[in-house]
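# Survey of secondary and tertiary structure
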Amino acid sequence: MATRLVQINMKAHDDAALGRFWAEALGWGIDSEGPGVTNLEPVGFTYPDPAAVCIDLIARPEPKTVKNRVHLDLATTSTAHQEELVARLKSLGATLVDVGQGDVPWTVMADPEGNEFCVLEPRPVYRDTGPIAAVVVDCTDPREMARFWGEAMDWTLHEVTDDGVTMRSAKGVGPYLEFLRTPDTKSGWNRVHLDVRPYPGDDPAAEADRLRSLGATDPGIDQSAIHWTILADPEGNEFCLLTPA
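Residues numbered from 1 in each chain as written. Predicted model: local features only at pLDDT ≥ 70, side-chain atom pairs only at ≥ 80, totals over all residues. Heavy atoms only, no water.

The subject of this paragraph is the packing of helix H1 (residues 15-26) against helix H2 (residues 79-92). At a minimum axis distance of 10 Å, the contact between H1 and H2 shows a crossing angle of 160 degrees. In terms of orientation, H1 and H2 fall into the roughly antiparallel class. Of the two elements, H1 crosses H2, and the hand of that crossing is right-handed. When H1 is examined against H2, the residues Phe21, Glu24 and Ala25 are found in contact with a partner set consisting of Arg88, Leu89 and Leu92. (Axes fitted to C-alpha atoms, helices over the stretch in contact; angles between N-to-C directions. Helix = DSSP H or I, 4+ residues; strand = E, 2+ residues; numbered from the N terminus. Parallel < 35°, antiparallel > 145°, perpendicular 65-115°, else oblique. Left-handed = near helix turned anticlockwise from the far one by under 90°. Contact = heavy atoms within 4.5 Å.)

This part takes up the sheet that holds strand S10 (residues 156-160). Here eight strands make up an open sheet; going across it, the order is S6-S7-S8-S5-S9-S12-S11-S10 and the pairing mixed. Both edges of this open sheet fall to strand S6 (95-96) and S10, since each of them pairs with a single strand only. Here strand S9 (residues 132-139) runs beside strand S12 (residues 176-181); their pairing, made up of six bridges, is parallel. Counted as the bridge partner of valine 135 is leucine 177 from S12. The strands that H1 touches are strand S5 (70-74), strand S8 (116-119) and S9; relative to S5, the one it contacts most, it runs at about 30 degrees. (Pairing = 2+ DSSP bridges.)

Below, the discussion takes up the pairing of strand S15 (residues 238-241). The alternating pattern of S15 places Glu238 and Cys240 and Phe239 and Leu241 on opposite faces, both of which are buried. Bridge analysis of strand S13 (residues 192-198) against S15 gives three bridges, and the strand direction is parallel. Bridging from a neighbouring strand, leucine 194 pairs with phenylalanine 239 of S15. In the sheet, strand S14 (residues 229-232) pairs with S15 via four bridges, with the strands oriented antiparallel. Bridge assignment links threonine 229 to a residue of S15, and that residue is leucine 241. What sits between the antiparallel neighbours S14 and S15 is a turn of five residues, in which glycine 236 has the positive phi angle 85 degrees. (Buried < 20%, exposed > 50% of the residue type's maximum accessible area, 1.4 Å probe, protein only.)

Take the sheet that holds strand S1 (residues 3-12) next. Taken together, seven strands build an open sheet; the order of strands is S2-S3-S4-S1-S13-S15-S14 and the sheet is mixed. Edge positions in the sheet fall to strand S2 (29-34) and S14, since each has one partner strand and no second. Ignoring strand direction, the axes of neighbouring strands in this sheet form an average angle of 30 degrees. Summarising the sheet, S1 and S13 pair through seven bridges and their orientation is antiparallel. Paired with asparagine 9 across the strands is histidine 193, a residue of S13.

Tracing the sequence through the fold places glutamate 207 in helix H4 (residues 204-214). Here glutamate 207 falls in the buried class, since its relative accessible area comes to 0%. A C-alpha to C-alpha distance of 31 Å links glutamate 207 and valine 43, two positions 164 residues apart in sequence. Residues contacting glutamate 207, with those up to four places away along its chain left out, are Met1, Ala2, Thr3, Ala152, Pro198 and Leu241.

This is a description of form; function is not addressed.
Here it is in structure tokens:
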């Protein structure tokens with residue numbers, strides 16, 4: 001049994017408007033499965049496929065109060081492309097933000113609802129990822145994240161150090177998943193979180209139990225009205241275990 005990362009879930013005050021921003025930013029298609037839900041994926045994409053990690057935007061009234069612990073890094077192919085992308089994102093409503101990054105070659109921005117993301121300088125490792133280079137998760141213990149997520153998913157661990165972890169689909173396509181050491185501790189529930197999905201034929205209850213045996217916990221949320229399972233990783237980051245597909 002195993003899971004794989006299929007999408008990120010992002011809370012939004014206006015899911016439709018924020019969805020339009022990210023669809024324009026990534027060049028993706030936009031859809032909705034119901035009121036308060038906006039779904040983004042590449043045009044012509046067949047879900048689920050490791051070639052992309054999709055985005056679900058869910059309407060929620062709570063305000064954003066702290067820096068997100070999960071963010072996107074966007075890929076570029078040249079310095080000119082990076083500059084052009086930053087300018088285009090500004091025209092769509094993104095802003096430059098300072099999260100204490102100092103003098104770095106990448107550009108830190110925030111979407112129209114304040115969700116942080118980075119526009120990276122060109123890096124050869126991300127040349128074939130698509131528009132999203134990586135999904136990045138802040139953490140205090142990268143090695144523990146490598147242990148848990150390396151066993152939770154069938155993705156390949158590419159690098160494990162005291163400062164960070166890099167993973168990618170075993171098929172060698174799509175964005176990377178990275179866990180980076182930060183001094184900040186988790187505060188409140190994450191407005192952006194990971195969604196993982198078992199494979200067809202797997203028993204979701206048994207998979208949830210397996211994840212608990214690896215160190216996942218139940219975050220104490222009423223789940224009686226949903227058909228998926230909400231868990232938290234060893235550092236308390238909420239994630240959803242979806243039904244197999």
